[in-house]
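An overview of the molecular structure
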Amino acid sequence: MKKPTIVFIHGAFVTPASFEPLMGYFKARGFEVLAPAWPFHGQSVAELRNHPEAGLGKLGLDDLTNYFAGIIKALPEKPIIIGHSFGGLLTQLMMDRGLGLAGIAINSGGAKGVVSAAYPTTARSIFGILSKPWRKTFMMSLKEFQYAFVNTLGKAEQERAYREHVVPETTRIFFQGAAAPFASNSPFKVNFNNGSRGPLLMIAGEVDRIVPASLVRKNYSLYNQKSGAVTDYKEFPGRSHWIIAQPGWEEVADFIDHWLKEQLPAEVG
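Heads up: these notes are all about the structure in this document. Remember, it's a predicted structure, so these values are computed and weren't measured experimentally.

1. Quick look at unusual backbone geometry
Keep in mind that most residues, glycine aside, have a negative phi and that most peptide bonds are trans. A positive phi angle, near 70°, is found at phenylalanine 40, a position not held by glycine. Positionally, phenylalanine 40 belongs in the loop between strand 2 (32-34) and helix 2 (45-50). Taking relative accessible area as the criterion, phenylalanine 40 reaches 28% and is therefore assigned partly exposed. Positive phi, close to 45°, is recorded for asparagine 107, a residue that is not glycine. Looking at asparagine 107, the relative accessible area reads 0%, which means it is buried.

Set out below in structure tokens:
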């Protein structure tokens, strides 16, 4: 039997290339894999750095939500959705809309109800963005990337990841996140009582700084465990925000594969 498609949704400051290890893993196990780039993220890293597209600074979370919802709705069947960082938040939003067979949100940005500024390492990681509200786009420095994304890696590995993956990003999504606690119609809003969605797995890295495990646990705790929808949590020790590509990513992939077999035995067994 043909296995479901997996749609990978990358996070901010990177491209779909960040998911290459997991894409290869699941493709080898018979899944069709798709990894659409965010709008204005479809070129090479060098091109995106040297000539970021003019519309990038206008890109908001509502735009991203509608964009990925459109892609997923166009598929012949519901896919499995795997997202990282802001892609993890988008995974939560896609699952809330009933678009996913199952969802895996890895080191997910917090939905409305999670105050990111309350987490010191998160605040430090995004200080450079929020302290300059006139900037429409932002390019992380190597030092900022080392602190926020790859704090457990050696210097050479950090530099290689920065060189191969990091691109300029819209600042709008971060300001929308900062405003979410005060906006009733925030695009970050998820219905935590939705009992009709598919199963959702939330994964955290123990030593992630930009999305600390305590933030992911808080997000997980907001889901109504009596709603009827499965929501699970898994924390991996010693993992940074680069959990999807740092050494040991295979353990994360194995856990996801096993979890999917438990939740969707007829589809992926």
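2. Some remarks on the environment of glutamate 267
Structurally, glutamate 267 can be placed in helix 11 (residues 265-268). A relative accessible area of 30% means that glutamate 267 is categorised as partly exposed. As for glutamate 267 and methionine 1, which are separated by 266 residues in sequence, their C-alpha atoms are 7.8 Å apart.

3. Side note on empty space enclosed by the protein
Summed over all chains, the structure comprises 1 cavity of 30 Å³ or more. Estimated volume of the largest cavity: approximately 40 Å³. Taken together, Phe40, His41, Leu48, Pro52, Glu53, Leu56, Val167 and Pro168 make up the lining of the largest cavity. When its residues are assigned to classes, the lining of the largest cavity shows 6 nonpolar, 1 polar and 1 charged.

4. Some words on the packing of aromatic side chains
A ring pair, where both rings are aromatic, is described by two values, the distance of the centres and the angle of the planes. In the structure shown here, the tally under the stated rule is 16 aromatic pairs. Between tyrosine 25 and tryptophan 249, the ring centres sit 6.4 Å apart and the planes meet at 85°, which makes this aromatic pair edge-to-face. Residue tyrosine 25 is located in helix 1 (residues 20-28), and its partner tryptophan 249 is located in helix 10 (residues 249-263); the two are separated by 224 residues in the primary sequence. Taken individually, tyrosine 25 and tryptophan 249 each receive the classification buried, so the pair is uniform in this respect.

5. Looking at the pairing of strand 1 (residues 5-9)
Among the 5 residues of strand 1, 5 are classified as buried, and the element is accordingly described as predominantly covered. As judged from the 3 bridges shared by strand 1 and strand 2, these two strands associate in the parallel manner. Residue threonine 5 lies in a different strand from strand 2, and its bridge partner there is glutamate 32. The handedness of the strand 1 to strand 2 crossover, carried by helix 1, is right-handed. Pairing geometry for strand 1 and strand 3 (residues 80-84), over 4 bridges, is parallel.

Conventions we followed
Residues numbered from 1 in each chain as written. Predicted model: local features only at pLDDT ≥ 70, side-chain atom pairs only at ≥ 80, totals over all residues. Heavy atoms only, no water. Helix = DSSP H or I, 4+ residues; strand = E, 2+ residues; numbered from the N terminus. Buried < 20%, exposed > 50% of the residue type's maximum accessible area, 1.4 Å probe, protein only. 1 Å grid on protein atoms, 1.4 Å probe; cavity = no way out; pocket = protein on both sides within 12 Å on 5 of 7 lines; lining within 4 Å. Points joined across faces, edges and corners; volume = space filled by probe spheres on them. Nonpolar A, V, L, I, M, F, W, Y, C, P; charged D, E, K, R; others polar. Phe/Tyr/Trp six-rings, centres within 6.5 Å; stacked < 30°, edge-to-face > 60°. Pairing = 2+ DSSP bridges. Right-handed = clockwise from strand over helix to strand, strands pointing away.

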